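What the coordinates show
If you want the building blocks of each chain, they are given just below.
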Amino acid sequence: MATPVAAKKDASQDRQKRMIADHYGRLSRTHLTGEKNCYTYVPGNLTELLRTFDLLPVLPEINALQSGMRGKTREYIAAAEKEGHSEDVCAYVKSDIGMISSGNVGPTGERLPPPDLLLLSYTGCFTFLKWFELLREKYKCPIVMLHVPYQGEGAITPSMRKYVVDQLKEKVIPILEEVSGKKYDEDRLREHLVRSAAAEDDLVAVLQSAKHRPSPIDAYFGGVYYIGPMFTAFRGTQDAVEYYKELRSEVEARMAQGKGPITPEGEIVEKYRVVVEGPPAWTHFRELWKMFGDEGAVCVASTYTKVGGTYDFGFRHDPAHPLETLADYCMGCYTNINLPGRVDMISRYVEEYAADGFLINSVKSCKSFSAGQLMILREVEKRTGRPGGFIESDLVDARYFSAANIKNRLESYFQMIAQKRAATGVAVGAS
Amino acid sequence: MTTSGLKDLVAGADALYRDYRLGSVRAWKERTGGLAIGHMPVYAPREALHAMGVLPVGIMGASDDLEIIRGDAYYQSYICHIPRSTIELALNGSLDPLDGMLFPAICDVIRNLSGMWKMMFKDKLVRYLDVPQDFDRARGAAFWRGEIVSLCAELAERGAKPLDMEALRRSIAVYNDHRRAVRGLYDLRKDEPWKVPTAELYPILRAGLVMPVEEHLAMLGAYRTMVEADATRRPMDLARVVLVGSFCEQPPLGLIKTLERSGCYIVDDDFVQIHRFILGDVSTEGDPLDALARAFTEHAIEHPTKWCEKEKGADLVDRVKASGAGGVLFCAPSFCDPALLDQPMAVAAMDRHSIPWTAFKYSENTGQFQVIREQAGTFADSIQLWSTV
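Residues numbered from 1 in each chain as written. Chains lettered and ligands numbered in written order. Predicted model: local features only at pLDDT ≥ 70, side-chain atom pairs only at ≥ 80, totals over all residues.

1. Here we look at the overall build of chain B
Just so we agree on the cut-off: Only DSSP runs of H or I reaching four residues or more are called helices, and only runs of E reaching two or more are called strands; each is numbered from the N terminus. Values of the radius of gyration come from C-alpha atoms, whereas the globule rule sets the reference at 2.2 Å times the count of residues to the power 0.38. For every residue, the other C-beta atoms within 10 Å of its own C-beta are counted; 20 or more classify it as buried, 12 or fewer as exposed, and values in between as partly exposed. C-beta atoms are placed from the backbone.
Within chain B one finds 14 helices and eight strands. Rg of the C-alpha trace for chain B: 20 Å, near the compact-globule value of 21 Å for 389 residues, within the 12% margin. Each principal axis of the C-alpha atoms in chain B carries an extent, and together these give about 60 × 50 × 45 Å. Looking at chain B residue by residue over its 389 residues, the buried ones come to 55%.

This is the structure we're talking about:
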């Protein structure tokens, strides 16, 4: 067996690792410290609001994907299926259920506390609704549902915003007060939102650095690390502000030096620029990244990095309108945008990031992403004239990852781009 | 009434719903010049459409009657079957008489189908119906009322009569009559299941999706009169079961017949639920739009597509008790998130109350029933022989 290559880390990565370790450490000690926590989801997370009540967020999808990366989901999913959960449904849910049944040990190897509150921010994913019904059965704890309307007509209307704000005021905030024992302090929320907006500016600068050639970042595989603090427990914190400032300066330095993205295997020399739609296969994250890297393929934009918030088209949390901005944030998350909107977004990325084409990683678990992707493929090809590729896998169910199939498809896809370039007389890496 | 009259009625209903080219809808449009608007399961505010002179048309896939060729090109293998047949029907021209389509918030697949429809049929009205998951009057019902008003405005722009409150009140009253008639048949089946075989009731219910409500009311009445008068229908020693999970993609009729032949009286089910989604009458007093919106938030059935604020599975326990069933068939379509994610919680509730259950999956074009027949038959036998429920 080959010795794994040690991944090279930037200072910002070390900082993020420390932030995560501290957070999970705090969670593991809540039975001693008395700190309260709130389980909620990445899309439509209300981290600034939770922090206003000093509640620690716990995100079940993050636990599931971390379990996938640590090779734990095979046993967790098997445990859930033994309990009667269908093989047809989302593997995040089954991983989470299996993890709970196996002692609820989190990504850092420490035990996670049971929820003091389940905040179901019902944003962009039907499964969320059932997932928290399942957790409520397990934990018998307080729960509150925030229904975030879908952008079915491609826009946020005043009625949609009012509906969300009313729920925040009349339902969510009162239960946060009750669980935390603290009064709602809107000024404190505004302070969090100011910090959110500052971090969002830097995150967008990082993501948009990929417009540069060569791109200093990989906006999909690398991108999932960049969005980590923003999408999870840290938006609105000073830690997040510092992290994104540091990350931005590292990326801008790489851009100034004309360097490509850092990967676990080293720096990629950019041959192909692609946009990626869909979540990664967490169980084979590094293997999949290497397949791209081996081809010289750099992901210059991705939709997955917008599931916890879409910032690159101008949205920022606005401290002047704290609850309205939270409503707009929720409704703007990627999977809450209708299919025509998703096609627009991907097409725009292909053009603005001068991509050679786009790839869809269609995951079996997530129908919110996957249903309609074959049409997205055709529509984006039609609009941009760039070729689309399609691979299939799963979020955390390793049974659906066929390395040989995926590698074969990727190689064929990049060969096709190379041949197209040859036919038009454009050198590889200079489209 | 004659047995042949009854057979003709059921055969007529069967032919109506299996006419996927919507002959009855085409004829209605020629006769009235009105708009016809399709809707996917499981709920749509049909009263509002009716009040505007619009014919609501329920689309529930194409069962095992249609070979899917182009529809499969739109979906990966792990997506359920109903969107494939729905797209196939649209692409082969069957849905041409429809001036639009409504996609209620059932799951992410149907939600995303609304976006696909927007891209594929740009000249048609296409709406995602974001029914509220907050059931408070001032929040959820108010939001839903606004959505209905917005839908009505769009219909009016396309030539429907403007929404008139008195007309809406009358439409609510007609649908109240319809709900009572459907509930009456369900009660009759519960009390005397040998008189109302589900293999007959099902086509009668499906026919109601492609015809005006007034005509369907007459059909329901005629069917009831005929089965009550049919002295040849005698009780048999079969197991009484509640069937759940089949609220969106429908099983082929052959599967329903198979279950009955295997020894089951289906005494409650989830088929064509739009006819029974609202419990009781919608108020015809006060603001009818308000009443229609509140019917959903306050008077609708518990459902896997809705946020459940109560104890999970309690409604199913109640249904089992109310129908005098001896067990539950969990009969869900493959890859159906609402049904399959809900199932473990419903199963736990059955176990807590010692209610026997069995589970299997299907797709709308399932053609092999032998395994299901054996499973259901064994289950029916076990209920008959050993159940203490």
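2. Focus on the nonpolar core
Buried together is how nonpolar side chains tend to be arranged in soluble globular proteins. Going by this rule: In these notes, a nonpolar core means any group of buried Ala, Val, Leu, Ile, Met, Phe, Trp, Tyr and Cys residues linked to one another through C-beta atoms within 7 Å. Domain segmentation is taken from an automatic or database assignment of domains. We call two residues in contact when their backbone-placed C-beta atoms lie within 7 Å.
One finds L120(A), V274(A), V275(A), V300(A), V57(B), V241(B) and V328(B) to be the most contacted residues of the largest nonpolar core, which totals 267 residues. Shared between two domains, this core takes at least three residues from each, and those domains are domain 1 (11-189) and domain 2 (255-424) of chain A. The residues touching V57(B), leaving out its near neighbours within four places in the chain, are L22(B), V25(B), A36(B), I37(B), G38(B), L98(B), L209(B) and V210(B).

3. Things to note about the pairing of strand β3 (residues 117-122) of chain A
All names here are of chain A. As a reminder, the rule being used: A pair of strands is treated as paired once DSSP finds two or more bridges between them. Look down the strands so they point away from you; if the path from the first strand over the helix to the second goes clockwise, the crossover is right-handed.
Burial within β3 is extensive, with six of its six residues counted as buried. The alternating pattern of β3 places L117, L119 and S121 on one face and L118, L120 and Y122 on the opposite face, and all of these are buried. Sheet analysis places strand β1 (residues 37-39) next to β3, joined by two bridges and oriented parallel. Each bridged residue has a counterpart across the sheet, and for Y39 the counterpart in β3 is L118. Relative to strand β4 (residues 143-147), β3 runs parallel, the two sharing five bridges. Of the residues in β4, the one forming a bridge with S121 is L146. The parallel pair β3 and β4 is bridged by helix α7 (residues 126-139), and the resulting crossover is right-handed.

4. Describing the interface of chain B and chain A
Many structure descriptions define interface size as the accessible area lost when the parts assemble. Inclusion rule: Residues were grouped as follows: Ala, Val, Leu, Ile, Met, Phe, Trp, Tyr, Cys and Pro as nonpolar; Asp, Glu, Lys and Arg as charged; and all remaining residues, including Gly, as polar.
At the junction of the two partners, chain B supplies 38 residues and chain A supplies 39 residues. Mapped by element, the contributors of at least two residues to the side of chain B that touches chain A are α5 (108-120), β4 (125-129), α6 (137-157) and α13 (337-352) of chain B. Top element by residues in the side of chain B that touches chain A is α5(B). It accounts for nine residues. For the side of chain B that touches chain A, a count of residues per class yields 20 nonpolar, eight polar and 10 charged.

5. Quick look at the sheet that holds strand β3 (residues 100-104) of chain B
Paired through their backbone hydrogen bonds, the strands of a sheet run either parallel or antiparallel. Residues and elements named next belong to chain B. Rules: Angular values range over 0 to 180 degrees, each being the angle between N-to-C directions of two axes fitted as lines to C-alpha atoms, with helices fitted over their stretch in contact.
Sheet architecture is open: four strands sit in the order β2-β1-β3-β4, paired in parallel fashion. On the outer flanks of this sheet lie β2 (55-58) and β4, each paired with one strand and no other. Looking at each pair of strands side by side, their axes are set apart by 25 degrees on average, direction ignored. The pairing of β3 with β4 spans five bridges and is classified as parallel. Following the sheet pairing, P104 is matched in β4 by L129.

6. Looking at the environment of S347(A)
All names here are of chain A. For S347, the position within the fold is in helix α15 (residues 339-352). Residues S347 and E170, spaced 177 residues apart in sequence, show a C-alpha to C-alpha distance of 40 Å. Excluding residues that lie within four positions of it along the chain, S347 makes contacts with V380, R383 and T384.

7. Quick notes on unusual backbone geometry
Along the chain, R213(A) connects to P214(A) via a cis peptide bond; the corresponding omega equals 0 degrees. With respect to the helices, strands and loops of the structure, P214(A) is situated in the loop between α9 (186-208) and α10 (223-226). Note the cis peptide between P41(B) and V42(B), where omega equals 0 degrees. Structurally, the position occupied by V42(B) is in the loop between β1 (36-39) and α3 (46-51). For K140(A), which is not glycine, the phi torsion reads 50 degrees and is therefore positive. Structurally, the position occupied by K140(A) is in the loop between α7 and β4. In the Ramachandran plot, L22(B) falls in the positive-phi region, its phi being about 60 degrees despite a non-glycine side chain.

8. So, the sheet that holds strand β2 (residues 56-58) of chain A
Residue and element names in this part refer to chain A. One open sheet accounts for four strands, arranged β2-β1-β3-β4; its pairing is parallel. Unpaired on one side and paired on the other, β2 and β4 mark the two borders of the sheet. Averaged over neighbouring strand pairs, the angle between their axes works out to 25 degrees when direction is ignored.

9. Comments concerning the domain arrangement of chain A
All names here are of chain A. Here chain A is partitioned into domain 1 (11-189) and domain 2 (255-424). Computed from C-alpha coordinates alone, the two centres of domain 1 and domain 2 are separated by 25 Å. With 38 residues of domain 1 in contact, the opposing surface of domain 2 contributes 28 residues. At the level of secondary structure, the elements contributing two or more residues to the side of domain 1 that touches domain 2 comprise α4 (60-69), α5 (73-82), α6 (91-101), α8 (158-180) and α9. Per-element accounting of the side of domain 1 that touches domain 2 gives the leading share, six residues, to α8. Grouping the amino acids of the side of domain 1 that touches domain 2 by side-chain chemistry returns 22 nonpolar, 12 polar and four charged.

10. Some details on the pairing of β3(B)
Residues and elements named next belong to chain B. Where burial is concerned, most of β3 is hidden: five out of the five residues are buried. Across the two faces of β3 the burial is the same, with G100, L102 and P104 and M101 and F103 all buried. Where β1 and β3 come together, three bridges link them in parallel fashion. The residue of β3 that forms the bridge with G38 is M101.

11. Describing the environment of A301(A)
Looking at the secondary structure, you find A301(A) in strand β8 (residues 297-302). If sequence neighbours within four positions are ignored, A301(A) has contacts with A210(A), A219(A), V275(A), Y349(A) and Y353(A).

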